[in-house]
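# Architecture at a glance
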Amino acid sequence: MRLELDNVSIHYGAIHAVRDVSIDVASGSVAAIIGANGAGKSTIMRGIVGLVPLSKGEIRIDGRVITNLPTEQRTRSGIALSPEGRKLFSEMTVHDNLLSGAYLRRDARAIRDDLDMVYALFPRLTERRQSLGRNLSGGEQQMVAIGRALMAAPKLLLLDEPSLGLAPAVIHMMAGAIRKIALTGVTVLLVEQNSHLALSLSQMGHVLEGGRLVRSSPASDLLHDEDLKRAYLGDDPLVVK
Ligand code: ATP
């Protein structure tokens, strides 16, 4: 599914969090939005799923305008978000958290197949199937958050900071899982403060500063850009190849 943001602006009251952002994510590709804390990355994600209204601009999926659709209809159209901070149900098991991602679906057999797919993607979750959300490690929570988004059978998967707070070995596993997801043809838009990780997974990279897009380039160019290296990739120890 192709995603287009066309001159998107988003305000929180008087705060202008996102300014005239235009991004075109090709169907089946992986794209990254990188930028510092507070640059507006999560706000863009919330705008795409309809959790905050745009103050200007347009969002399209496969050429269809969705700017004013409620979140539920966007989910039905194939957009799923794995939010920053994971937002799991802490008193529900891993299994039920995963199933909650399929709440709009009625195709029992396909739901079962997708559950099998999620457990195969994250074998650790098979062992933790009956554990409550609140008893999971950060990495396990992140796996459930992504797995739950996948249970909506998305055509566009939005991943907000999938590596946040995770140990390097877990980040490495997560990178492998994201690559596998992308191979299934799902379009992936990833926001990350871990620029190196995000760019190494993506075809295109978009750099956000103070709510504005300052660069949109092939991720491989950004990975080797000296200025960007200094600003964002400097001492990043989490090189994922
Ligand atoms: P982070 O990685 O810390 O989430 P970010 O790049 O995702 O950073 P946003 O969370 O999108 O940044 O925030 C962008 C700007 O909007 C910041 O100035 C932030 O303080 C502000 N902001 C975010 N959420 C709200 C809110 N609910 N109400 C008011 N201001 C907000």
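The structure contained in this document is the topic of the report that follows.

## Observations concerning the pairing of strand 7 (residues 156-160)
Counting buried residues in strand 7 gives five out of five residues, a clear majority hidden from the surface. Of the two faces of strand 7, the one holding Leu-156, Leu-158 and Asp-160 and the one holding Leu-157 and Leu-159 are both buried throughout. Bridging between strand 6 (residues 79-82) and strand 7 involves four bridges; their strand directions are parallel. Looking at strand 7, one finds that Ala-80 is bridged to Leu-157.

## Things to note about the site of the ligand
Close contacts around the ligand come from 15 residues, with Asn-37, Gly-38, Lys-41, Ser-42 and Thr-43 the closest. A distance of 2.7 Å separates an oxygen atom of the ligand from a polar atom in the backbone of Ser-42. Out of a free accessible area of 620 Å², the ligand has 64% covered by protein chains. Among the elements of the structure, strand 2 (15-25) and helix 1 (41-49) are those that each provide at least two residues to the shell around the ligand. Examining the composition of the shell around the ligand, we find that four residues originate from one element, helix 1, more than from any other. Residue composition of the shell around the ligand, grouped by class: five nonpolar, six polar and four charged.

## Description of the sheet that holds strand 8 (residues 187-192)
Read across the sheet, six strands follow the order 6-7-8-3-9-10 without closing on themselves; strand pairing throughout is mixed. On the outer flanks of this sheet lie strand 6 and strand 10 (212-218), each paired with one strand and no other. When the angles between neighbouring strand axes are averaged without regard to direction, this sheet yields 15°. The pairing of strand 3 (residues 30-34) with strand 8 spans five bridges and is classified as parallel. Bridging from a neighbouring strand, Ala-31 pairs with Leu-189 of strand 8.

Criteria and thresholds
- Residues numbered from 1 in each chain as written.
- Predicted model: local features only at pLDDT ≥ 70, side-chain atom pairs only at ≥ 80, totals over all residues.
- Heavy atoms only, no water.
- Buried < 20%, exposed > 50% of the residue type's maximum accessible area, 1.4 Å probe, protein only.
- Helix = DSSP H or I, 4+ residues; strand = E, 2+ residues; numbered from the N terminus.
- Pairing = 2+ DSSP bridges.
- Near = heavy atom within 4 Å.
- Polar contact = N/O pair within 3.5 Å; in protein donor to acceptor, adjacent residues only side chain to side chain.
- Areas by Shrake-Rupley, 256 points an atom, 1.4 Å probe, with all protein chains shown as cover.
- Nonpolar A, V, L, I, M, F, W, Y, C, P; charged D, E, K, R; others polar.
- Axes fitted to C-alpha atoms, helices over the stretch in contact; angles between N-to-C directions.

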